[in-house]
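# Report on the structure
In case you want the letters, here they are:
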Amino acid sequence: MDYNVTVIGSGPGGYVAAIRCAQLGFKTAIIEKYDTLGGTCLNVGCIPSKAMLDSTEHFHNALHNFKEHGIDINEPKANLPQMIKRKVGVVKANVDGIAFLMKKNKIDVHTGVGSFVDKNTIKITGKDGKEKTITTEKVIIATGSKPTPLPFAPFDKKRIISSTEALEITEMPKTMIIIGGGVIGMELGSVYARIGVKVTVVEFLDSLIATMDGTMGKELLKSAKKLGMEFYLGHKVTGLQNTGKEVVLKAEDKSGKTIELKGDYCMVSIGRRPYTDGLGLDKVGIELDRGRIPVDDHLKTKVDNIYAIGDVVSGAMLAHKAEEEGTLVAEQMAGQKPHINYLLIPGVVYTWPEVASVGYTEEQLKTDNRAYKVGSFPYKALGRARASMDVDGLVKVLADKNTDEILGVHIFGARAADMIAAAVTAMEFRASAEDVSRMSHAHPTYMEAVREACLAATANRPIHL
Amino acid sequence: MAQQVKVPAVGESITEVTIANWLKKDGDFVKQDEVIAELESDKATFELPAPQAGILKIIKKAGEVVPIGTAICEVQDSAGAPAAKSEPAKSEPAKSEAKAAAPTTAAAPKATGGVKEMKVPAVGESITEVTISTWLKKDGDFVNLDDIIAEVESDKATFELPAEATGILRIVAKEKTTLPIGGLICRIEIAEGAAAPAKTSAPAAKTETSTSANYASGHPSPAAAKILDEKGISSGAVSGSGVGGRITKEDAVNAEAKKESKPATQQSTASAQAAVPAIAGGRNIRREKMTSLRKTIAKRLVAVKNETAMLTTFNEVDMKPVMDLRSKYKDQFKEKYGVGLGFMSFFTKAVCAALKEFPAVNASIDGDEIVYHDYCDVSIAVSTPRGLVVPVIRNAELLTMNQVEAEVIRLATRGRDGKLSIDEMTGGTFSITNGGVFGSMMSTPIINPPQAAILGMHNIVERPVVVGGQVVVRPMMYLALSYDHRIIDGRESVSFLVRVKQMLEDPGRLILGV
C-alpha cells in the first residue's frame, strides 16, 4: 500500500484530518480537485466572505460613524475591485499556508478528482485528463458540499448566482435579490447593503436564520432593516428568470398574493448539498441517504476502512464541525477514543452585529418540556459597547430551572463570534449560570454582558440593569 | 453525622466474610466511594467503598470473620472540615455562595434536599460488575419510586433497575459504562410531591449539595472523558476533585494509577503507543479492556484449576449406530416434533442414564459435605458472540428426545441474543461441551464449578477401526470426561464414560436401560 491514510478533499475537515493523521505517524495523502487547497471554506466561503465583510464594515463605519467619533473625512467611496483584490490576497495567503502545512507534515498532495476503484485503490484524474492510481489502507472522505440550486432556475453564474460568484463581482450592482435568509444570505446581503446596493431578501420561512434561537432572528431582522435591506418573509419563490439585462423573480405569500422583484443579480442561498460527484461510491458499495454518506457513531461508512466527515455526513455544515470530525477519525485510527459533543458546536453569523449561539435554543427547550430560566442583558447597558457605539445587541442565557446549569447561550452583538467560545468552555464543564457570574470578567469588556446575563438567569439579579 | 458501614449482602449463598485488609487507618479522612477495606468471601474478594466522606472509625479488625450485616466501621461526616484545613481560602467564598444562592433554592420548591444515591446492587453470586446498557429515563427526568429507569447488563443477564426513590434523576454513569457492584449509578434528588420545603431546610439543602452531590458531580472534562474512555474506566468509578466533584484531566490521568500496581510503566507504554502507532510493519498491538464475561471466565477457570483435583479420562465412540438411526428417522422426527434430530439429544439422554448409575459424577462438594442430586440438570456450553455461556437443561432425565432438542435450540437462541437469565444459567449438576463443532479432535474440558464433571464431545472423523477382526471405516468420536477426583474415583469416572459410549454405540440400551 502506498499510504496508511488518504483524505479526499482538502477543506477544513480534510486538511485537519490529514495533519492529525500525519502527527500520529500515518503515511498520509490528500487529494484535491482544485488547484488550491482549503476547499470551500478558504477559497469561496468562510475566509473570503469574512474579508469582504470586514472591508465593507470599515466602509460602513467611515460613511456613517466616523463623524460621530470626530473624524471628518471626505465622503468615502466603495472600491469594489480593490476589495475583491484584497480578498484574493487574503485567500492566497491562507491556501498557501495550507500547502506549507502539508509539506511540513510530509503529506503528499495529489491534485485531481479522486475516485474509488475499490476500497483500497483510488484513481486520481487531473485536469489534463491524466490518470494515476494510489493504494491506501484507509480513506477519509471529506468532499464537502456545493450550493443547492433552485430546481426551476439553475445557476447560470451570470445573474443567477451562488455565494461563490457573489464573492467575485467587481462591477458594483445597483440591486441584488437574495433568496434565502440563512447565514450565507444574511452575511453576503449585508456585504452588498453596506456598500450601497439595494438588497432584497426573499425567505420561505417566517424568520431569518431559522435554526437559531428565535430572538436572534428577530434582532438580526431589525439591524438588517437599519442597513436598508428589504425583506419578504414567508414568501415562496415561484419563478426566476434571467432576462439578459436583469433577473425577474416571482414569489407568493401564504395567502397566495404574488410579488414580482427585479434586480441586477439574484443570489440563491437556500442551502448546500453534500458533494459526492465523481467519487465512485458505487465501486465500494456506499449508497447515499438523502444525498449524505451514512456513517456510524465513529464516522465509519459501511465499508470498514472508509470514513466520512464534514458536510458529506449528517449534522451542521460548519467548518469547525468538520475539523472536529477530522481529528476524531484520525485519533480513532490510532486507537484513541476522542469525543465530539455535537450540542456544543457553536453557530455564528458574521453580520455586524454578529450572531453566535451554542447549546439549546429556547424553542428546543420548550419542545422538550425542559424547565428553564432565561436571563438576558442588552449591550445598551454595557459601558464597553457605549464607548465604541456598538450598542445594538443582547446576550441571552438559558439555564436549567432546578440546577442552574447553562443550557444555551445566544449572543447578538459586536464580537459575539469570539465571545461564544467562553460559553462553549463553560458548557463543556457543565457550569451553572451562577458559576460564570462568579468568575472575574475584565472591565470594561463585551464579555461582561455574558456575565450579567448569567446573573439575570441565575436569580434575576444583574448589576447594571 | 456518623454513618455505620455494614457488610453488604454480596451474594445469595454468602453468609459471612473475612476482613482481609483495612486500606485506611483508624482516624483517616476518607473520601466518598474511596475503597476503605477489602473483604473476602468464600467466593471472591471485594472492595468496600466509603458511603460518605469523613473520618474513619474502625470497629472490626482485619482478620475477623463477620456475618453479613455486621457494622465494621463508622464514617464520621466532618462537614468539610478537612477541606477547610487543606484549602483554607476556599471556605469563605463557599459560605458567601451559600448565602447568595439561598433565594434560588427557595424558588425551586420541588427538592427536599435529600439525595438518594443508587448503587449497583449485588445481583448474583460471582457477578462483580455490570454495564449500564440503556437509560430508560433521561437525566433530569422526574421518576417515581420503582419506575424502571435503566437496563443493566451483567456477564450473565440483563436486568431492570427500579428507582429507589421519587424525585429528579441525575445520571452519573453513562450508557455503556461498566461499574463494580456498589458503584454509583445515579442520584435521585428526592422530591415529596409539590410540598414546599420548610424555610429552615433551604440552607441545609444547599450545604449538602455544595459538599457532596450535584448535577455536575462526576462530569468529566473533555480531555478527562477521552482519557477515561481510552483506559476503559467509567466516569462513575472516578471521584472528581474538580469544582462540584467534576472530573479533571488530572483525575483521569491518575484514575489508572490507583488501579494498576505499576503505574509508571503502564503510563509510559500507553503514551508511547499513542505517539508512535507502529502500523507500517504490522507490529500493532491492541489493548482492550476485558469484558465482564471474560474476566469472570478467567477468574473461574483459574479457580477450578487451583481448587479441584481435576483430571481427564478418554474413550472413543463409534457414531455409526447413532448416525444410522438419525438418517433413518430425521425427516419423520422433524415432521412430528418440528425440531431436527441432532446428536445432543442422544448424548444428553445417554449422560442422564449414566449419571443415575454413577451418582458421584452428578454430585458436588459443599464444604465438608457431598451434595448428591437425584435429578440431572445438564449444562450445555453455547458459544455466543459475547463469549461462552452455559445454560441449563432442567430435569434432562425426564425429557424426551424431542424435548431435549427443543430446549437446546431455545437456550442456544437465547444465549446468542444475550437474553439468558441468571436462573437459566445456574444450578447445573453436570456439563456437556462440544468442541467438535469447531473441529476439535481431542481436548480436556474444564469443570464448571461447583459441578464435579464435564463431558467433552469432539469431531466425528472416519477412522479405520477393527470390528470383528476386520479393519473397517467408521465415523469415530473421542470422548473426554474431566472430573474432580476429590469425589469421583477413577473406577466411577471410567465406568461412567464407558456407559455413555455403550449407550451411544447401541442406542437400544437407552430404551431398555441396560
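As the structure is a prediction and not an experimental result, all values here were calculated from the model. Residue numbers restart at each chain and count upward from 1, following the sequence in its written direction. To read the labels, note that chains go from A and ligands from 1, taken in the order they are written. Thresholds applied to this predicted model are a pLDDT of at least 70 for local features of residues and 80 or more for the giving and counting of side-chain atom pairs; totals over whole chains, interfaces and linings are not thresholded and use all residues.

## Observations regarding the overall build of chain A
In this description a helix means any DSSP run of H or I spanning at least four residues, a strand means any run of E spanning at least two, and both kinds are numbered starting from the N terminus. A tally of helices and strands in chain A yields 14 helices and 22 strands. Neighbour density around each residue's C-beta defines its exposure: 20 or more other C-beta atoms within 10 Å make it buried, 12 or fewer make it exposed, and counts between make it partly exposed, where C-beta atoms are placed from the backbone. Put simply, chain A has 465 residues, and 50% of those count as buried. Contact between two residues is assigned when their C-beta atoms, built from the backbone, lie within 7 Å. Intrachain contacts of chain A at a sequence separation of at least 6 include 66% that bridge at least 24 residues.

## What to know about the overall build of chain B
When helices and strands are counted, chain B shows 13 helices and 27 strands. For chain B, the proportion of its 514 residues judged to be buried stands at 35%. Counting only contacts in chain B whose residues sit at least 6 apart along the sequence, the fraction spanning at least 24 positions is 64%.

## Some details on the confidence of the model for chain B
Low-pLDDT portions of the prediction should not be read for the details of their coordinates. All names here are of chain B. Residue-level confidence of the predictor, termed pLDDT, takes values from 0 up to 100. Looking at chain B as a whole, its pLDDT mean stands at 79, while 80% of the residues score no less than 70. Note on residues 194-211: pLDDT under 50 across the span, and 30 contacts to partners over four residues away in sequence or across chains. Here residues 257-279 is a poorly scored stretch, pLDDT under 50, and it has 16 contacts once near neighbours within four places are set aside; other chains count. In the predicted assembly, ipTM is 0.72 and pTM is 0.57.

## Overview of the environment of Gln 241 of chain A
All names here are of chain A. Within the secondary structure, Gln 241 sits in strand β12 (residues 236-242). The partly exposed category is assigned to Gln 241, around which 15 C-beta atoms lie within 10 Å. Between the C-alpha atoms of Gln 241 and Pro 154, which are 87 residues apart in sequence, the distance is 9.8 Å. In contact with Gln 241, not counting residues within four places along its chain, are Val 247 and Val 248.

## Here we look at the pairing of strand β19 (residues 354-359) of chain A
Residues and elements named next belong to chain A. Most of β19 sits inside the fold, with 6 of its 6 residues counted as buried. At least two bridges found by DSSP between two strands are what make those strands a pair. Two elements, strand β18 (residues 347-349) and β19, share 3 bridges in a ladder whose sense is antiparallel. Residue Gly 347 lies in a different strand from β19, and its bridge partner there is Ser 357. Between the end of β18 and the start of β19, which pair antiparallel, lie 4 residues. Two strands pair when backbone bridges link them, and β19 and strand β22 (residues 406-413) are joined in this way by 6 bridges, in the antiparallel orientation. Across the sheet, Gly 359 pairs through a bridge with Gly 408, a residue of β22.

## Description of the environment of Arg 20 of chain A
All names here are of chain A. Along the polypeptide, Arg 20 turns up in helix α1 (residues 12-23). A tally of 23 C-beta atoms within 10 Å means that Arg 20 is categorised as buried. Taking the C-alpha atoms as reference, Arg 20 lies 7.8 Å from Gly 326; in sequence the two are 306 residues apart.

## Digging into the sheet that holds β12 of chain A
Residue and element names in this part refer to chain A. Judged by pairing direction, the sheet is antiparallel, and its 3 strands sit side by side in the order β12-β13-β14 without closing on themselves. A strand with exactly one partner marks an edge of an open sheet, and here the two such strands are β12 and β14 (258-263). Taking each pair of neighbouring strands and ignoring which way they run, the sheet shows an average axis angle of 20°. Note that β12 and strand β13 (residues 247-252) share 6 bridges and pair antiparallel. Residue pairing for β13: Asn 242 is matched across the bridge by Val 247. Interaxial angles span 0 to 180 degrees and are taken between N-to-C directions of axes, which are lines fitted to C-alpha atoms, for helices over the stretch in contact.

## Points about unusual backbone geometry
The peptide bond linking His 443 of chain A to Pro 444 of chain A adopts the cis configuration, its omega dihedral lying at -5°. Residue position: Pro 444 of chain A is located in the loop between α13 (433-437) and α14 (447-459). Here the residue pair Pro 449 of chain B and Pro 450 of chain B is connected by a cis peptide bond, since its omega of 5° sits within 30 degrees of zero. Look at Ile 209 of chain A: it is not a glycine, yet its phi comes out positive at around 30°.

## Thoughts on the sheet that holds strand β6 (residues 54-58) of chain B
All names here are of chain B. Across the sheet, which stays open at both edges, the 4 strands sit in the order β1-β8-β6-β3 with antiparallel pairing between neighbours. Edge positions in the sheet fall to β1 (2-6) and β3 (29-30), since each has one partner strand and no second. For β1 and strand β8 (residues 71-76), the ladder comprises 5 bridges, and the chain directions are antiparallel. Following the sheet pairing, Val 5 is matched in β8 by Cys 73.

## Here we look at the packing of helix α9 (residues 343-357) of chain B against helix α10 (residues 401-416) of chain B
All names here are of chain B. At a minimum axis distance of 9 Å, the contact between α9 and α10 shows a crossing angle of 115°. Where α9 crosses over α10, the handedness of that crossing is right-handed. Residues Met 344, Ser 345, Thr 348 and Lys 349 of α9 form the contact with α10, whose participating residues are Met 401, Val 404, Glu 405 and Val 408. Of the residues assigned to the contact of α9 with α10, the class counts are 4 nonpolar, 2 polar and 2 charged. Two helices cross in a left-handed way if the nearer one is turned anticlockwise from the farther one by less than a right angle. They cross in a right-handed way if the turn is clockwise. Gly is placed with the polar residues, together with every amino acid not listed as nonpolar (Ala, Val, Leu, Ile, Met, Phe, Trp, Tyr, Cys and Pro) or charged (Asp, Glu, Lys and Arg).

## Some thoughts on helix α12 (residues 490-505) of chain B
Residues and elements named next belong to chain B. Here α12 is 16 residues long and its end C-alpha atoms lie 22 Å apart, about the 22 Å a rise of 1.5 Å per residue gives. Looking at α12, one finds that the buried residues are Ser 493, Phe 496, Leu 497, Arg 499, Val 500, Met 503 and Leu 504. All buried residues of α12 fall inside an arc of 155° around its axis, so they share one side. For α12, exposure combined with an orientation more than 90 degrees from the buried face picks out Gly 490 and Arg 491. For a helix, the expected span equals 1.5 Å multiplied by the number of residues minus one. The arc in question is the one traced by the directions running from the helix axis out to the C-beta atoms.

## Some remarks on the environment of Val 95 of chain A
Residue and element names in this part refer to chain A. Within the secondary structure, Val 95 is located in helix α5 (residues 80-104). Look at Val 95 and you get buried, because 20 C-beta atoms sit within 10 Å. Each C-alpha atom of the pair Val 95 and Gly 38 lies 5.7 Å from the other, and the pair is 57 residues apart in sequence. Non-local contacts of Val 95, meaning those with residues more than four positions away in its chain, are made with Thr 36, Leu 37, Gly 38, Leu 42 and Asn 43.

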